[in-house]
Amino acid sequence: MNVEAVKFVTVGLTMCIGVIFPALAIGNIGSKAVEALGRNPEAESSIRTAMILSLAFAEAIAIYVLVVALILKFT
Amino acid sequence: MPEISIKAEHIFDFFGFRVTNSIFLSLFVLAFCIIITYFYQRDAAASKKSGFFYVMQMILRSLYTLFESIVKEKINFFFPFLAAFFVWIMFQNWSGLLPGVGSITIGVPEGEHILHVPLFRGNNADLNGALALAISAFILIQYAGIKFLGFKTFIQKFINISNPINFFLGFLEIVSEFSKIMSFSFRLFGNIFAGEVLLTIVAFLVPVLASFPFLMLEIFVGFVQALVFSMLTAVFISVSVSHH
């Protein structure tokens, strides 16, 4: 393999491995939020804000991975 | 397909100051914000108010109740900062989606040949813009801690030689404070830059109509990122002003 090919494989693997855990986290957050909503529908607004906040935290990990992949790809 | 560059391009010099395309667009956003503020201020003083005033009032009121639920009774001190973060980041994110941003190019002489670079670029799609916002949020958080706890209590959180465990915890606190700058700036930059790359790639894969749902998504992402940035600042402020 030449350098160019290694670069493409690395970019693919970076995204592939790095996105697994944020995906699990986001799924978990969503399911727990729906569970909490089913148990206590009056608390919808506070559940929503907490959910969006923690979603952003989980998503940030995926975004770091994406930034690393973009830097590898375009520089 | 246009070349995607991670850093903002230099377009012209203004009295020796390197003006990049992201600064150039953010000047327009600044002008827009000043115009809105001027009209709001004028209506607030006038006896007969227009519909614009009430719309702005409604937006500000919902922001106020949102932040009030986090910082509680100190809201009147922090509200201007937090709302300014929210509004500024939201307009910056949305300005990157306007038609012409990224697609209008100008020629910049670079050595012998002429380089074609975009005239506009979203300010948060440039790491420097996001970093500036993150540093100002960081300074605000530390300032809040010093102001409401007093300097002595504030510094005890970081340097505490009463016992070895507290000393080590203080070291961890320092690291976590500085990692806030990194997480703030990379989150904002990553989301907005990734959105721009996504829109470019989709537009060149399917030329017609396919960009539309992604544009809607990016409008939503711009709003959510502004909300997340200002809400996280509020949460960190409320942590930093609370006694242990």
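Bear in mind that the values here come from a model prediction, so they are computed numbers and not experimental data.

(A) Spotlight on unusual backbone geometry. All names here are of chain B. Although it is not a glycine, Lys72 adopts a positive phi angle of roughly 55 degrees. Tracing the sequence through the fold places Lys72 in the loop between helix 2 (51-71) and helix 3 (75-95). At Leu209, a residue that is not glycine, the phi angle is positive and equals roughly 65 degrees. Considering the arrangement of structural elements, one finds Leu209 in the loop between helix 6 (164-205) and helix 7 (211-240).

(B) Layout of helix 3 (residues 44-74) of chain A. End to end, helix 3 of chain A covers 43 Å across 31 residues, agreeing with the expected 45 Å (1.5 Å per residue, within 8%). Of all the residues in helix 3 of chain A, the buried ones are Ile47, Leu53, Ala56, Ala58, Ala60, Ala62, Ile63, Val65, Val67, Ala69 and Leu70 of chain A. Lining the buried residues of helix 3 of chain A we find helix 1 (3-18) and helix 2 (20-39) of chain A together with helix 6 and helix 7 of chain B.

(C) Focus on a nonpolar patch on the surface. Residue and element names in this part refer to chain A. A cluster of nonpolar side chains, namely Met1, Val6, Val9, Leu13, Ile17, Ile20, Phe21 and Leu24, defines an oily patch on the protein surface of about 840 Å² accessible area. The set of elements that each furnish at least two residues to the nonpolar patch consists of helix 1 and helix 2. Along the chain, Phe21 falls in helix 2. Judged by relative accessible area, Phe21 falls into the exposed class, the value being 56%.

The rules behind the values
Residues numbered from 1 in each chain as written. Chains lettered and ligands numbered in written order. Predicted model: local features only at pLDDT ≥ 70, side-chain atom pairs only at ≥ 80, totals over all residues. Heavy atoms only, no water. Helix = DSSP H or I, 4+ residues; strand = E, 2+ residues; numbered from the N terminus. Expected span 1.5 Å × (residues − 1). Buried < 20%, exposed > 50% of the residue type's maximum accessible area, 1.4 Å probe, protein only. Contact = heavy atoms within 4.5 Å. Patch = residues over 30% accessible without salt bridge, like charges linked within 9 Å, V, L, I, M, F, W, Y side chains within 5 Å. Areas by Shrake-Rupley, 256 points an atom, 1.4 Å probe, with all protein chains shown as cover. Salt bridge = Lys/Arg side-chain N within 4 Å of Asp/Glu carboxyl O.

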